[in-house]
Amino acid sequence: MNSTPSGFWKTKYGPRRVRHDPPTLAEAIAAAQGMTDDVQAQVEFAASLMGLPAADVRPEVLKAASPRRTTNTIAFATRAGTQRAVVVERRPIRRSVARSFG
């Protein structure tokens, strides 16, 4: 199979057209948030995926920024008199959808 610059592939069944759909802004932001927690890096990543200037993407990334996770640290003393830190984090539960087969 040879690729031609015009966006068509030559196959044994004839030419096939290659479809190119750039991601939507929401898709690009979601991908950027999955890659990094740094907002500036998210802006640059989403802008590069969309082919837009970073100034146009920044307000949308800031709107979609996830709220900070809160972490509670609890310290307590053991029998030996030393302190031990316990970190408690709340993670969202991912529930799978039950399907009935039959």
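Residues numbered from 1 in each chain as written. Predicted model: local features only at pLDDT ≥ 70, side-chain atom pairs only at ≥ 80, totals over all residues. Heavy atoms only, no water.

Notes on the nonpolar core
Membership of the largest hydrophobic core is limited to eight residues, which are Ala-28, Ile-29, Ala-32, Val-43, Ala-46, Ala-47, Val-57 and Val-61. Looking at this core, the elements with two or more residues in it are helix 1 (25–35), helix 2 (39–50) and helix 3 (54–64). Ala-32 has contacts with Gln-42, Phe-45 and Ala-46, leaving out every residue within four places of it along the chain. (Core = buried A, V, L, I, M, F, W, Y, C linked by side-chain atoms within 4.5 Å. Buried < 20%, exposed > 50% of the residue type's maximum accessible area, 1.4 Å probe, protein only. Helix = DSSP H or I, 4+ residues; strand = E, 2+ residues; numbered from the N terminus. Contact = heavy atoms within 4.5 Å.)

Quick look at the packing of helix 1 against helix 2
Direction vectors running N to C along helix 1 and helix 2 enclose 140°, while the axes themselves pass 8 Å from each other. As summarised for this structure, helix 1 and helix 2 are arranged oblique, according to the angle between their axes. Of the two possible hands of crossing, helix 1 and helix 2 adopt the one that is right-handed. Contacts between helix 1 and helix 2 involve Leu-25, Ala-28, Ile-29, Ala-31, Ala-32, Gln-33 and Met-35 on the former and, on the latter, Gln-42, Phe-45, Ala-46, Leu-49 and Met-50. (Axes fitted to C-alpha atoms, helices over the stretch in contact; angles between N-to-C directions. Parallel < 35°, antiparallel > 145°, perpendicular 65-115°, else oblique. Left-handed = near helix turned anticlockwise from the far one by under 90°.)

Some points on helix 1
The α-helix winds at 3.6 residues per turn, so residues separated by three or four positions along the chain end up facing the same way. All buried positions along helix 1 are accounted for by Ala-28, Ile-29 and Ala-32. One side of helix 1 carries all its buried residues, which in axial view fall inside an arc of 100°. Projecting away from the buried face of helix 1 at angles above 90 degrees are the exposed residues Ala-26 and Gly-34. Buried positions along helix 1 lie against helix 2 and helix 3. (Arc of directions from axis to C-beta.)

A few points about the pattern of salt bridges
Pairing between side chains of opposite charge can happen when the charged atoms of each approach one another. Using the criterion set out here, one finds one salt bridge in the structure. In this structure, Glu-60 and Lys-63 form a salt bridge, with 3.4 Å as the shortest nitrogen-oxygen distance. Of this pair, Glu-60 and Lys-63 both sit in helix 3, three residues apart, which is roughly one turn of the helix. Given the relative accessible area of 30%, Glu-60 is considered partly exposed. (Salt bridge = Lys/Arg side-chain N within 4 Å of Asp/Glu carboxyl O.)

Here we look at the packing of helix 2 against helix 3
Viewed as axis vectors pointing N to C, helix 2 and helix 3 meet at an angle of 125°, and their least axial separation amounts to 9 Å. By the angle between their axes, helix 2 is oblique relative to helix 3. Crossing of helix 2 over helix 3 shows right-handed handedness. Judged by residue contacts, Val-39, Gln-40, Gln-42, Val-43, Ala-46 and Ala-47 of helix 2 engage Ala-54, Val-57, Arg-58, Val-61 and Leu-62 from helix 3.

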